[in-house]
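Here's the letter readout for the chains.
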Amino acid sequence: MSYQLYRTTTLGETLQDSLDELVSSQQITPDLALKVLQQYDRSASTALAQKVRTRYNFKGHLKVYRFCDNVWTCVLDNIEFRDSHGQEVIHSEKTKIVACEASSTK
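For clarity, every value in this text was computed on a predicted model and none was experimentally measured.

Cut-off values and rules
- Residues numbered from 1 in each chain as written.
- Predicted model: local features only at pLDDT ≥ 70, side-chain atom pairs only at ≥ 80, totals over all residues.
- Heavy atoms only, no water.
- Helix = DSSP H or I, 4+ residues; strand = E, 2+ residues; numbered from the N terminus.
- Rg over C-alpha atoms; globule rule 2.2 N^0.38 Å.
- Areas by Shrake-Rupley, 256 points an atom, 1.4 Å probe, with all protein chains shown as cover.
- Lys, Arg positive; Asp, Glu negative; His and termini not counted.
- Charge placed at Lys NZ, Arg CZ, Asp CG, Glu CD.
- Pairing = 2+ DSSP bridges.
- Axes fitted to C-alpha atoms, helices over the stretch in contact; angles between N-to-C directions.
- Buried < 20%, exposed > 50% of the residue type's maximum accessible area, 1.4 Å probe, protein only.
- Phe/Tyr/Trp six-rings, centres within 6.5 Å; stacked < 30°, edge-to-face > 60°.
- Patch = residues over 30% accessible without salt bridge, like charges linked within 9 Å, V, L, I, M, F, W, Y side chains within 5 Å.
- Salt bridge = Lys/Arg side-chain N within 4 Å of Asp/Glu carboxyl O.
- pLDDT = per-residue confidence, 0-100.

Undergrad: For the overall build of the protein chain, give the residues involved together with the corresponding values.
TA: When helices and strands are tallied, the protein chain shows 2 helices and 3 strands. Counting from the amino terminus, helix and strand elements in the protein chain follow one another as α-α-β-β-β. Since a compact globule built from 106 residues should have a radius of gyration of about 13 Å, the 17 Å found for the protein chain marks it as more spread out than a globular shape. Carbon together with sulfur atoms contributes 52% to the accessible area of the protein chain, which is approximately 8600 Å² in total. Distance between charge centres in the protein chain, computed from 13 positive and 13 negative side chains, equals 7 Å.

Structure (structure tokens):
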């Protein structure tokens, strides 16, 4: 199962806008546009899982949390992110974290 988490990124939104233009000008079918978006969902998830190796620890004040359809959503206030080496520190007043179960089948 692929989640649609990365469609709200700049790249994902740009892809959707481009596909909408192609569909509206009848250069591709809506079915093909949907297949492209589904492949983007799978590829973005796979690329992040395989290419990103930096780990961060974080702490903050948990304001809201929710678990629905195997998806955790947490909103934290006054959060601090630290890389695993403690060299980089990032502060944020408010952060939303969405965590989905990773697929164990390929």
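Picking up after the structure, the text goes on.
Undergrad: Describe in detail the sheet that holds strand β1 (residues 56-68), supporting the description with residues and values.
TA: If you trace the 3 strands from one edge of the open sheet to the other, you get β1-β2-β3, paired in antiparallel fashion. Here the strands that pair on one side only, and so sit at the sheet edges, are β1 and β3 (89-100). Direction aside, the axes of adjacent strands within the sheet are offset by 20° on average. Where β1 and strand β2 (residues 71-83) come together, 11 bridges link them in antiparallel fashion. Along β2, the bridge assignment pairs His61 with Asp77.

Undergrad: Just give me the short version of unusual backbone geometry, but keep the residues and values in it.
TA: Not every positive phi belongs to a glycine, and Gln26 is a case in point at roughly 60°. By secondary structure assignment, the location of Gln26 is in the loop between α1 (10-24) and α2 (30-51). Of note in this structure, Asp69 is not a glycine but carries a positive phi near 55°. Here Asp69 is to be found in the loop between β1 and β2. Judged by relative accessible area, which is 67%, Asp69 ranks as exposed.

Undergrad: Break down the packing of aromatic side chains for me, citing the residues and quoting the values.
TA: For the coordinates displayed, the defined rule picks out 3 aromatic pairs. For the pair Phe58 and Phe81, a centre-to-centre distance of 5.8 Å together with 50° between the ring planes defines the contact as tilted. Remark: Phe81 occurs in strand β2 and Phe58 occurs in strand β1; sequence separation between them is 23 residues. Given a relative accessible area of 45%, Phe58 falls into the partly exposed group. Judged by relative accessible area, which is 18%, Phe81 ranks as buried.

Undergrad: So, a nonpolar patch on the surface: which residues are in play, and what are the values?
TA: On the surface, a cluster of nonpolar side chains totalling about 470 Å² of accessible area is made up of Leu62, Tyr65, Phe67 and Trp72. Among the elements that line the nonpolar patch, the one with the most residues is β1, at 3 residues. Examined against the element boundaries, Leu62 turns out to sit in strand β1.

Undergrad: Kindly report on the confidence of the model for the protein chain, identifying the contributing residues and their values.
TA: Scored by pLDDT, the protein chain comes out at a mean of 87, with 93% of its residues at no less than 70. Element-level mean pLDDT values for the protein chain span from 90 in α2 up to 93 in α1.

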